[in-house]
Amino acid sequence: INPTYFTILSMVILSHIKAVQFGFRVCSKSVDSEGQSSDPFTITYQWGQAVYQCGVTLTDGYSELATCDTIDITPSNCAPDYGLQISADNTPNTANNGIDDVCISSIIVNGEEIEVIPQRIGDDANDGPNSDTSAEITNYRYYDLGDDAPETLAEAPILSQAVTDAAPICEDVPPL
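All values derive from a computational prediction rather than experimental measurement.

A. Representation of the confidence of the model for the protein chain. In this model, the protein chain carries an average pLDDT of 75, and 64% of its residues clear a pLDDT of 70 or more. Across residues 5–17 the pLDDT falls below 50, and counting only partners more than four positions away or on other chains, this stretch makes two contacts in the model.

B. Highlighting the nonpolar core. Within the largest apolar cluster, 28 residues are counted, with the highest numbers of intra-cluster contacts made by F22, F24, I104 and I107. Of all the secondary structure elements, the ones that give two or more residues to this core are β1 (21–26), β2 (40–57), β3 (65–69), β4 (76–88), β5 (102–109) and β6 (112–121). Apart from residues lying up to four places away in sequence, F22 is in contact with I43, Y45, Y52, C54, A66, T67, C68, D69, T70, I73, L84 and I108.

C. The arrangement of the environment of Q49 in detail. Following the sequence through the fold, Q49 ends up in strand β2. With 31 residues separating them along the chain, Q49 and P80 place their C-alpha atoms 4.5 Å apart.

D. The arrangement of the packing of aromatic side chains in detail. Enumeration according to the criterion identifies six aromatic pairs in this entry. Aromatic side chains Y45 and W47 sit 6.4 Å apart centroid to centroid with 20° between the ring planes, which places their arrangement in the stacked category. Summarising the aromatic geometry, the rings of W47 and Y82 are spaced 4.9 Å apart at their centres and angled 85° between planes, so their arrangement reads as edge-to-face. With a gap of 35 residues between them, W47 in strand β2 and Y82 in strand β4 connect regions that are remote in the sequence. Owing to a relative accessible area of 24%, W47 belongs among the partly exposed residues under this scheme. In textbook terms, an aromatic cluster arises when at least three aromatic residues are bridged by ring pairs, as seen for F22, Y45, W47, Y52 and Y82.

E. Here's a closer look at the side chain of Q36. With respect to the secondary-structure elements, Q36 resides in the loop between β1 and β2. Only 3.0 Å separates the side chain of Q36 from the side chain of Y62, close enough to count as a polar contact. Excluding residues within four positions of it along the chain, Q36 makes contact with V26, D60, G61, Y62, D100 and D101.

F. Local environment of the sheet that holds β3. With respect to topology, four strands assemble into an open sheet ordered β3-β1-β5-β6, the strand pairing being antiparallel. The two strands at the open ends of the sheet, each matched to only one other strand, are β3 and β6. With strand direction ignored, the average angle separating the axes of adjacent strands in the sheet is 20°. Of the pairings in the sheet, the one linking β1 to β3 comprises five bridges and is antiparallel in character. Paired with F22 across the two strands is C68, which belongs to β3.

G. Fine view of the pattern of salt bridges. Evaluated as defined, the whole model comprises three salt bridges. For R120, the salt bridge identified is with D32, shortest N-O distance 2.7 Å. Of the two residues, R120 sits in strand β6 while D32 sits in the loop between β1 and β2, which places them 88 residues apart along the sequence. Among the residues examined, D32 registers a relative accessible area of 6% and is labelled buried. The salt bridge involving D101 is made with R120; its shortest N-O contact spans 3.5 Å. Here D101, found in the loop between β4 and β5, pairs with R120, found in strand β6; they are 19 residues apart in sequence, far enough to count as distant. Of the two residues, D101 and R120, both sit in the buried class. Within this structure, D32, D101 and R120 form a network of salt bridges that share partners.

H. Broad picture of unusual backbone geometry. Located in the positive-phi region is D60, a residue other than glycine, with phi close to 70°. Considering the arrangement of structural elements, one finds D60 in the loop between β2 and β3.

I. Structural detail: the state of the cysteines. Here the structure, examined in full by the defined rule, presents two disulfides. For C27, the disulfide goes to C103, at an S-S distance of 2.1 Å. Taking the torsion about the S-S bond as the criterion, the C27 to C103 disulfide, at about -55°, is left-handed. Of this pair, C27 sits in the loop between β1 and β2 while C103 is found in strand β5, placing the two residues 76 residues apart along the sequence. When sorted by exposure, C27 lands in the same class as C103, which is buried. Bridging C54 to C68, the disulfide has an S-S length of 1.6 Å. Where C54 bonds to C68 through sulfur, the torsion about that S-S bond is close to 75°, and the disulfide is right-handed.

What counts, and at which threshold
- Residues numbered from 1 in each chain as written.
- Predicted model: local features only at pLDDT ≥ 70, side-chain atom pairs only at ≥ 80, totals over all residues.
- Heavy atoms only, no water.
- pLDDT = per-residue confidence, 0-100.
- Contact = heavy atoms within 4.5 Å.
- Core = buried A, V, L, I, M, F, W, Y, C linked by side-chain atoms within 4.5 Å.
- Buried < 20%, exposed > 50% of the residue type's maximum accessible area, 1.4 Å probe, protein only.
- Helix = DSSP H or I, 4+ residues; strand = E, 2+ residues; numbered from the N terminus.
- Phe/Tyr/Trp six-rings, centres within 6.5 Å; stacked < 30°, edge-to-face > 60°.
- Polar contact = N/O pair within 3.5 Å; in protein donor to acceptor, adjacent residues only side chain to side chain.
- Pairing = 2+ DSSP bridges.
- Axes fitted to C-alpha atoms, helices over the stretch in contact; angles between N-to-C directions.
- Salt bridge = Lys/Arg side-chain N within 4 Å of Asp/Glu carboxyl O.
- Disulfide = S-S within 2.5 Å.

This is the structure in structure tokens:
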């Protein structure tokens, strides 16, 4: 192989492989003194038709960052959408016989940290800051980034939705 051809081919291939981080940050103690957790959570990230999902277990710290990387995950193929969902593990915590709460202060989308209204998910979600539900248990929180890819994430219409029932079902579409 011609070295120049190999260099150009490598550059083209590598330009199409772009890993991005996605996840969330736990609230500081001053925002929610009961908002840290050591339980597992699932993060689902969708950008266009690619859907990535990973599990994280927190270390019971405040302001802790929980992220996943798209390069480590094979995406599913779904109807186009843009959003991030953080789900509480539905296995009760043996210490309190419930789903340990976590307060979310920011989300990570495409490697960028974006502040959101601090709110909880878990079995005492309505006791946290800025509660938007009267339901005691909130199994997951979905952050809608809009119907189209935002040009800049600062312009994304980030809308939070607290939900107490099962996660939304991804509609399968033909492979890309």
